[in-house]
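Architecture at a glance
If you want the building blocks of each chain, they are given just below.
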Amino acid sequence: MLKPAGIIFIAVFLFAGCTTPPRHAPTEPLPPNWSATNGVQTPQIPQPPRANVKTNLPPIVHPTNAIHPAPVITWTALSRWAAEHKIGAPHLLSGQPVATYAIGSTNGVMVLEIGSREAIWNGIEINLGFEPQFIDNQIFLHGLDLQRNLEPLLCDPPLMFGTNRVIVIDPGHGGSNTGTHSVLDGRLEKEFTLDWARRLAPLLETNGWQVFLTRTDDVYVANSDRAVFADTHHAALFISLHFNSAAPDQKQAGLETYCLTPTGMSSTLIRGYNDFWSDNFSNNGYDAENLQLAVRLHAALLRTAGLEDRGVRRARFMAVLDDQHCPAVLIEGGYLSNPHEAKLIESPEFRQKLAEAIATTLQWNVVPLNH
Ligand SMILES: [Zn+2]
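Residues numbered from 1 in each chain as written. Predicted model: local features only at pLDDT ≥ 70, side-chain atom pairs only at ≥ 80, totals over all residues. Heavy atoms only, no water.

1. With respect to helix α4 (residues 189-206)
Side chains of residues three or four places apart in an α-helix project in the same direction, reflecting 3.6 residues per turn. Condition: Secondary structure is summarised from DSSP: a helix means a run of H or I of at least four residues, a strand means a run of E of at least two, and numbering begins at the N terminus for each. The span expected for a helix works out to 1.5 Å for each residue beyond the first.
Helix length check: α4, at 18 residues, gives a terminal C-alpha distance of 27 Å against a target of 26 Å (1.5 Å per residue), a fit within 8%. Directly after α4, the chain includes Gly208, whose backbone phi takes a positive value near 90 degrees.

Have a look at this one:
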């Protein structure tokens, strides 16, 4: 919904760098937090009903979270958070039809809209856990969004891969698990994901990565085994490759990049599964890195492939991500149910472009946030 492209790159010059919170209280008085503890009523955000069935997913162990408590709701004025993190105050871009704000650091610019979970980071769509609120004439964000979405992008240093350059590439589906199929001729997703991975592997190896594929042939691999495979190979990164379908709709189009939903937030996509906010998977230990990896790959893929931006999204039902012990993302590289995109996906040149976009992003040990 946001169309800030022309504005954000002007706005970037308005913002200062970003640092960790100050040790001393700022001299300027800060606006109050808006939470259940300061006497202001907290908005009630409904939790989905619980059920006992979570098909296709491994059993979830909640050693410290057995009663699934509701998330602590604390809303904070964005201007207060910015002051605490030593970055420039949010800047009102537009008041109509709804207020839109920009906040930036040397890493880039985030554009936020009151009442919308869609936000724009350096020109690409990301999705918040909660809609920004307009309170006391200014923008307030949920504490989890500040912690899990804004801080990793605006304040964290560039993503470092260190010396363990081991990556697991996961061609989606395989064998009896065919995935979706092309609207043009019925060719199967599993074929295209494997080809994408085979093109990507040598490019990454050229860049110094040790690459392992969860499958190198048309065989069935259980989702849980794909996570175990990454553990066994001590992966530093995990990338799962897929193509999308909205059949019978032939119009839906674009690129999506998924990472696991942080604990306490609702997902962008549920696809009929339960979405328990209190679930805490092993991959939640990498929330910040997941997002950093996702935005970089998503931006590079959009630039290279020229697809519509459907955003960096959050989901819990993607079992290949939940149990990973390293930064992990899942890419949906276009719609096989859309005739135009199916034609692209069926072209080897396009799959080569998708591979090159990923390899270029992972070319160096340090990837700048504004890459
Ligand atoms: Zn798939």
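2. Looking at the environment of Leu200
As a reminder of what qualifies: Only protein chains enter the accessibility calculation, which uses a 1.4 Å probe. A residue is then buried if its area is under 20% of the maximum for its type, exposed if over 50%, and partly exposed in between.
Along the chain, Leu200 falls in helix α4. The buried category is assigned to Leu200, whose relative accessible area is 0%. Separated by 157 residues in sequence, Leu200 and Ala357 place their C-alpha atoms 9.2 Å apart.

3. Considering the nonpolar core
This is how it is decided: By nonpolar core we mean a set of buried residues, namely Ala, Val, Leu, Ile, Met, Phe, Trp, Tyr and Cys, connected to one another through side-chain atoms within 4.5 Å. A contact between two residues is defined here by any heavy atoms of the two lying within 4.5 Å.
By size, the foremost hydrophobic cluster in this structure holds 64 residues, and its most contacted members are Ile103, Met110, Leu112, Leu150, Ile169, Ile239 and Ile358. Looking at this core, the element that brings in the most residues is helix α6 (residues 287-305), giving 10 residues. When neighbours within four sequence positions are excluded, Ile169 is seen to be in contact with Ala197, Leu200, Leu204, Val211, Phe212, Leu213, Thr214, Ile239 and Leu241. By size, the runner-up hydrophobic cluster in this structure holds 14 residues, among which are Ala235, Tyr258, Leu269 and Cys326.

4. Thoughts on the coordination of the zinc ion
Selection rule: Note that water is not among the atoms used; donors are N, O and S atoms within 2.8 Å of the metal (3.2 Å for Na, K and Ca), so sites may look incomplete.
Bound to the zinc ion are the protein donor atoms His173 (NE2), Glu189 (OE) and His242 (ND1), situated 2.0 to 2.2 Å from the metal. Summarised as a motif, the one-chain spacing of the donors to the zinc ion is H-x15-E-x52-H. Separated by 16 residues along the polypeptide, His173 in the loop between β11 (166-171) and α4 and Glu189 in helix α4 bring together distant segments of the chain. Each member of the pair, His173 as well as Glu189, carries the same accessibility label: buried.

5. Let's talk about the side chain of Arg226
What counts here: Pairs of N or O atoms are called polar contacts if they sit within 3.5 Å, as long as, within protein, a hydrogen donor faces a hydrogen acceptor (for residues adjacent in sequence, only side-chain-to-side-chain pairs).
Mapped onto the secondary structure, Arg226 falls in helix α5 (residues 223-232). A polar side-chain atom of Arg226 sits 2.9 Å from the main-chain carbonyl oxygen of His173.

6. Quick word on the packing of α6 against helix α9 (residues 348-361)
Test applied: Angles shown run from 0 to 180 degrees and are taken between the N-to-C directions of axes, each axis being a line fitted to C-alpha atoms and, for helices, limited to the stretch in contact. For any pair of crossing helices, the crossing counts as left-handed if the nearer helix is rotated counterclockwise from the farther one by less than a right angle, and right-handed if it is rotated clockwise. Under the scheme applied, nonpolar residues are Ala, Val, Leu, Ile, Met, Phe, Trp, Tyr, Cys and Pro; charged residues are Asp, Glu, Lys and Arg; polar residues are all the others, including Gly.
Where α6 contacts α9, the two axes come as close as 9 Å, and the packing angle between them is 140 degrees. In this structure, the crossing between α6 and α9 has a hand that is right-handed. For the pair formed by α6 and α9, the contact residues are Arg296, Leu297, Ala300, Leu301, Thr304 and Ala305 on the first element and Phe350, Lys353, Leu354, Ala357, Ile358 and Thr361 on the second. Across the contact of α6 with α9, the residue classes break down as 8 nonpolar, 2 polar and 2 charged.

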